[in-house]
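One letter stands for each residue in the lines below.
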Amino acid sequence: MKPDDTAEHNVLISSNLSDNQQRIAKVFANCIDIKYVVYRYGPELIHTALVVHCETLTQDKKLNYLKSALQDLTAHEVGAATAISPEEVINFFGQHGVSTHSADIIEQFDQAVKNVLNGYVVIFLDQWNKALSFHSLYVESRTVSESVNEPVVKGPHDSTVEDLKKNIGLLRARLKTSDFKIEMFIAGKKTNAEVAFGYLEEAVDPEMLAEFKRRIEKVKKEEILETSFIEELIEDSTYSPFPQYRYTERPDVAVAALLDGKIIVMVSGTPSVMICPGLFVEFFSSSEDYYQRTVFASLVRLMRLVAFFLALALPSIYIALSTFHPELIPTVLLLAIKDTREGIPFPAFVEALIMVFFFEILREAGIRLPRPVGSAVSIVGALVIGQAAIQAKIASPIMVIVVALTGIASFSLPQYTLTVALRTMQFPLMALAASLGGFGLMIGFLLTLLHLTCLRSLGQPYLSTLAPLRPKQLRDVFIRAPLKILLRSPRNRYLHKKPGE
Amino acid sequence: MDKQETVDSWQMATLFLAFMTGSAIVNIPAPLTAAAGNGAWLSLIIANGAGMLLLACILYLRRRYPGMTMIDYSRKVLGNGMTVLLAFPFVLTVILMFSYIVLDIGGFFASSLLIQTPSYAVHSLIILTAALTARAGIEAMARMFILLLYSMYFFIFLVLMLVQPYFHPEYLLPAFPQGMKPVIHGAYIAFGFPYAELILFAMVLPFVRKSDDNRLGKYMFSALLVNGLSLILVVICSIMVKGPLASELKFSVFQLARLITVQDVIERVESIVGISLIVGSYMKATITLFVVNLALSQLLKLQDNRILMFPLALVSLLLTLVMFDYEAEFTEKVTAVWPLITAVAFVFPILLITLVTVIKGKGGNGP
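Residues numbered from 1 in each chain as written. Chains lettered and ligands numbered in written order. Predicted model: local features only at pLDDT ≥ 70, side-chain atom pairs only at ≥ 80, totals over all residues. Heavy atoms only, no water.

**Observations concerning the pairing of strand β5 (residues 131–135) of chain A**
All names here are of chain A.
And then number 1: Burial analysis of β5 places four of its five residues in the buried class, which makes it a mostly covered element.
And then number 2: Strand direction decides the pairing type here: strand β4 (residues 120–125) and β5, joined by five bridges, are antiparallel. Following the sheet pairing, Tyr120 is matched in β5 by His135.
And then number 3: From the end of β4 to the start of β5, which pair antiparallel, there are five residues, and Gln127 there has a positive phi angle of about 70°. (Buried < 20%, exposed > 50% of the residue type's maximum accessible area, 1.4 Å probe, protein only. Helix = DSSP H or I, 4+ residues; strand = E, 2+ residues; numbered from the N terminus. Pairing = 2+ DSSP bridges.)

**Examining the interface of chain B and chain A**
And then number 1: In this assembly, 32 residues from chain B lie in contact with 23 residues from chain A.
And then number 2: Taken over both partners, the interface formed by chain B and chain A buries close to 2,400 Å², and the fraction arising from carbon and sulfur atoms is 78%.
And then number 3: Its largest share of buried area at the contact with chain A, chain B owes to Arg143, Met144 and Leu147 of chain B, together 24% of the area lost on that side.
And then number 4: Counting across the chain B and chain A interface gives one salt bridge.
And then number 5: The residue Arg456 of chain A makes a salt bridge to Glu139 of chain B at a minimum N-O spacing of 3.6 Å.
And then number 6: Put simply, chain B and chain A have zero residue pairs in polar contact (both at pLDDT 80 or more) between them.
And then number 7: Breaking the side of chain B that touches chain A down by element, the ones donating at least two residues are α6 (80–113), α7 (119–135), α8 (138–162) and α13 (270–299) of chain B.
And then number 8: Counting residues per element, the side of chain B that touches chain A draws most heavily on α8 of chain B, at eight residues.
And then number 9: The residue makeup of the side of chain B that touches chain A, split by class, is 21 nonpolar, five polar and six charged. (Contact = heavy atoms within 4.5 Å. Buried area = accessible area lost by both parts, 1.4 Å probe. Salt bridge = Lys/Arg side-chain N within 4 Å of Asp/Glu carboxyl O. Polar contact = N/O pair within 3.5 Å; in protein donor to acceptor, adjacent residues only side chain to side chain. Nonpolar A, V, L, I, M, F, W, Y, C, P; charged D, E, K, R; others polar.)

**Things to note about a nonpolar patch on the surface**
All names here are of chain B.
And then number 1: Residues Tyr120, Leu314, Leu318, Leu321 and Val322 make up a contiguous nonpolar surface patch of about 510 Å² in total accessible area.
And then number 2: Take the nonpolar patch: its biggest share by element is four residues, from helix α14 (residues 309–322).
And then number 3: Topologically, Leu318 is positioned in helix α14. (Patch = residues over 30% accessible without salt bridge, like charges linked within 9 Å, V, L, I, M, F, W, Y side chains within 5 Å. Areas by Shrake-Rupley, 256 points an atom, 1.4 Å probe, with all protein chains shown as cover.)

**A few points about the nonpolar core**
And then number 1: Judged by nonpolar contacts, the single largest core of 186 residues is most densely connected at Phe439 of chain A together with Met12, Phe90 and Phe201 of chain B.
And then number 2: Setting aside chain neighbours within four positions, we find Phe90 of chain B in contact with Met70, Ile199, Leu200, Met203, Ala295, Ala345 and Phe346 of chain B. (Core = buried A, V, L, I, M, F, W, Y, C linked by side-chain atoms within 4.5 Å.)

**Some points on the sheet that holds strand β6 (residues 180–187) of chain A**
All names here are of chain A.
And then number 1: Across the sheet, five strands lie side by side as β6-β7-β9-β10-β8; this open sheet has antiparallel pairing. Each of the sheet's edge strands pairs with one partner strand only, and the pair in question is β6 and β8 (246–248). Averaged over all neighbouring strand pairs, the angle between strand axes comes to 25°, with direction disregarded.
And then number 2: Helix α9 (residues 251–259) contacts β6, β7 (193–200), β8, β9 (263–267) and β10 (273–276) of the sheet and is inclined by roughly 55° relative to β7. (Axes fitted to C-alpha atoms, helices over the stretch in contact; angles between N-to-C directions.)

**Observations regarding the packing of aromatic side chains**
And then number 1: Counted by the stated rule, this structure contains 28 aromatic pairs over all chains.
And then number 2: Ring centres of Phe185 of chain A and Phe197 of chain A lie 6.4 Å apart, and the angle between their planes is 55°; this geometry places the pair in the tilted category. Within this pair, whereas Phe185 of chain A is found in strand β6, its partner Phe197 of chain A is found in strand β7, the two being separated by 12 residues in sequence. For the pair Phe185 of chain A and Phe197 of chain A, a shared accessibility class is recorded, and that class is buried.
And then number 3: Measuring from ring centre to ring centre gives 5.1 Å for Trp10 of chain B and Tyr219 of chain B, while their planes differ by 80°; the resulting arrangement is edge-to-face. Of this pair, Trp10 of chain B sits in helix α1 (residues 9–21) while Tyr219 of chain B sits in helix α11 (residues 216–242), and the two are 209 residues apart along the sequence.
And then number 4: On the basis of relative accessibility, which here comes to 44%, the residue Trp10 of chain B falls in the partly exposed class.
And then number 5: With relative accessibility at 18%, the residue Tyr219 of chain B sits in the buried group.
And then number 6: Among the aromatic residues, those joined into a ring-pair cluster are Phe242, Phe280, Phe283, Phe284, Phe308, Phe309 and Tyr462 of chain A. (Phe/Tyr/Trp six-rings, centres within 6.5 Å; stacked < 30°, edge-to-face > 60°.)

**Considering the pairing of β10 of chain A**
Residue and element names in this part refer to chain A.
And then number 1: Of the two faces of β10, the one lined by Val273 and Ile275 and the one lined by Met274 and Cys276 are each fully buried.
And then number 2: In this sheet, β10 lies alongside β8 in antiparallel orientation, the contact comprising three bridges. Counted as the bridge partner of Arg246 is Ile275 from β10.
And then number 3: When β9 meets β10, the two strands line up antiparallel, connected through three bridges. Counted as the bridge partner of Ile264 is Ile275 from β10.
And then number 4: Taking the residues between adjacent antiparallel strands as the criterion, β9 and β10 are bridged by five residues, where Gly269 takes a positive phi near 95°.

**Focus: the pattern of salt bridges**
All names here are of chain A.
And then number 1: Enumeration over the complete set of coordinates arrives at 20 salt bridges over all chains.
And then number 2: As a salt-bridge pair, Lys35 and Glu55 come within 4.0 Å of each other at their nearest N and O atoms. Of this pair, Lys35 sits in strand β1 (residues 34–41) while Glu55 is found in the loop between β2 (47–54) and α3 (65–70), placing the two residues 20 residues apart along the sequence.
And then number 3: For Glu55, a relative accessible area of 41% puts it in the partly exposed group.
And then number 4: For the salt bridge of Arg174 with Asp158, the shortest nitrogen-to-oxygen distance reads 3.2 Å. You can see Arg174 sitting in helix α6 (residues 164–174) and its partner Asp158 sitting in the loop between β5 and α6, a full 16 residues away along the chain.
And then number 5: Note on Arg174: relative accessible area 31%, which makes it partly exposed.

**Remarks on the packing of helix α15 (residues 416–454) of chain A against α7 of chain B**
And then number 1: Orientation of α15 of chain A relative to α7 of chain B, taken along the N-to-C sense of each, is 10°, at an axis distance of 10 Å. In terms of their interaxial angle, α15 of chain A and α7 of chain B are classed as roughly parallel. Together, Leu436, Phe439, Met442, Ile443, Leu446, Leu447 and Leu450 of chain A of α15 of chain A and Val122, Leu125, Ile126, Thr129, Leu132 and Thr133 of chain B of α7 of chain B make up the contact between the two elements.
And then number 2: In the contact of α15 of chain A with α7 of chain B, the residues fall into 11 nonpolar, two polar and no charged. (Parallel < 35°, antiparallel > 145°, perpendicular 65-115°, else oblique.)

Interpretation note: all reported values are geometric properties and have no functional meaning in isolation.
Here it is as structure tokens:
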């Protein structure tokens, strides 16, 4: 902290207006968007009032702020400015407080500075060692619109936006109970980002909440630009490829998580809502599972599970089978594969590596490219990864199928963060399969499983309900049991916990 | 001892079942039928009964000395000098056992799936994985092994179901072609491997949560019973399929899987089955390594009880590479010598401790 900061700290507002004016002008030197307006009032206009606000943040209204402040003197008729004496004003605000809901009286000078930066209008009056401040923040933000990253067919379509207040409103509108607690703190010295975390009392595990609060302490000093900053600051293992927290931009998902006893974290200026702790099995569920009919939802769950294994291991299984265990492939198919591989100079491993790498480049290019050029990527990509690669004898058709299927499978998982984990895991598995076949794959899977078992999210075992195995809670893992059964437990499991259980 | 980590009694029973069934289900049918012929199932029942007695022993000792491992209560009952004297062969034998299991896995791969791969590659990877798992602690092991054990059982039952067309029940008769003598011999083999090895759990049992104590005995005996039944089932199935040949082919379930053909699409699935069976051996190896590390740490009174894990793993790796020149040597060691070694190194100390405890207990309760 600079000595300047300490000097400003805890300084009270002076009752001399020109002192205040100088001091505030010094703090906001070279800030062109801070506006000062001086009004005169009182008998013969001898008194002055200074209105300070940040014009880029406040509502652009042609408003006499002093007048609106004085409107607060509801007991009085606000007459001509000449009729009001400063004593009257001070008396009124000193004794009655303020009646406008967004106004309050501040005494600290640094509080006044902070309020100006937060979009308040601050009014200093001469001969008064306090200041009035009015909330009038208005920043352009997106309106609530359809979710871009998590679209659904059935269910609510609204998504969170960059405005924290709006987001909390969206949640509160769905969770009308005093048990839904939201706490907020300001993080960082420069960004002063508002970080809010919410939980449903009685649903959340108190120990987990305490642990969360202990970890969130160290976030307060950092500059937070996105919710994922918090994830990295509070997560258990930073180097694990697996995501330990879930993200959503759908209020209904956030509310479902709250009911499930999770803690949600939101940051002003970003629409992503973090749900913690995120458990492995939850990454397979989508909000739509609960809106669809149970049989279909369960089948989709199972399909996702298959997709998970395909996305993780299909190239490596193909490598292991074709190089080490060709007897496992039915004879006719094996002959067909051998036939198409005729003339290809690379072993299956190198072939797979090239194609998967191509695919990764395409995927990255597709995300980063400006939208108008985006379609060019898909055209070139289809050519490179498809027909041309086969004709140039770089890859066999079966390998193209394998890589394409892996890619499609990874897209079918509802959580993007899990897909990223799988993309990372693919390559070591491929190397193991190429060097030791099925045995290498076994070692790879065992080590992955070991890692997953040891992993914790906010102190909770990551593989929870699978390991440690809780058979009664498996009704929401591989299948989605009918809501009649499901809503009793495990969702709301703390709510419905009997005492002594 | 450091008691931060605990498991519940169901998890302990699962660990126990994984340990007892792990490598036995692949390895036991061949030597057993070689010794006992068609009466192998009876040998298993006898050996299983003896195993029950040993389990009763270690459960009794656990009740008498709550929260203490075998080394701890041996110190209390027999004194430090005697404990070192008894624990020395115990630790050596467990290291040997770990190396045997790894050798077995290596042998399996060398003879079936990875014929050209040098054995040190397979051994070192298996040992590394086992050491990492054991280092992760008993909680992680318990969680992980439940999933692995269920998948292993799933594959075993799948094989037994799909191989059904090859069953010839008439191979089971005559039940005892050469009288009871071979059956006793079979029981001797089965007692040495795997039943005498359950003494290792005298080191692991204290990890069970105190609050979960009362169901432990029930679960442990059930696990042993399930183990006995599944071994008997596999032995009977392999006799029914292969008849007199059952004793000739190692890795019975694997050999059974070779026969499976479904519509020309699912055939030669033995690699998949083999791998899931090897996972069983890996579980057993991990628990063994965990025990030897724990026993040695407690014997040497080390503060950090994980520091020995990797040195022990390295020693075992070297052992697996130099111990045997031929596979036949290994087979002979396991079937003929191993029961004797386990009897001396595992069973004798526990019986001694139990005896002393009972006598002391009687003396204490007397007038």
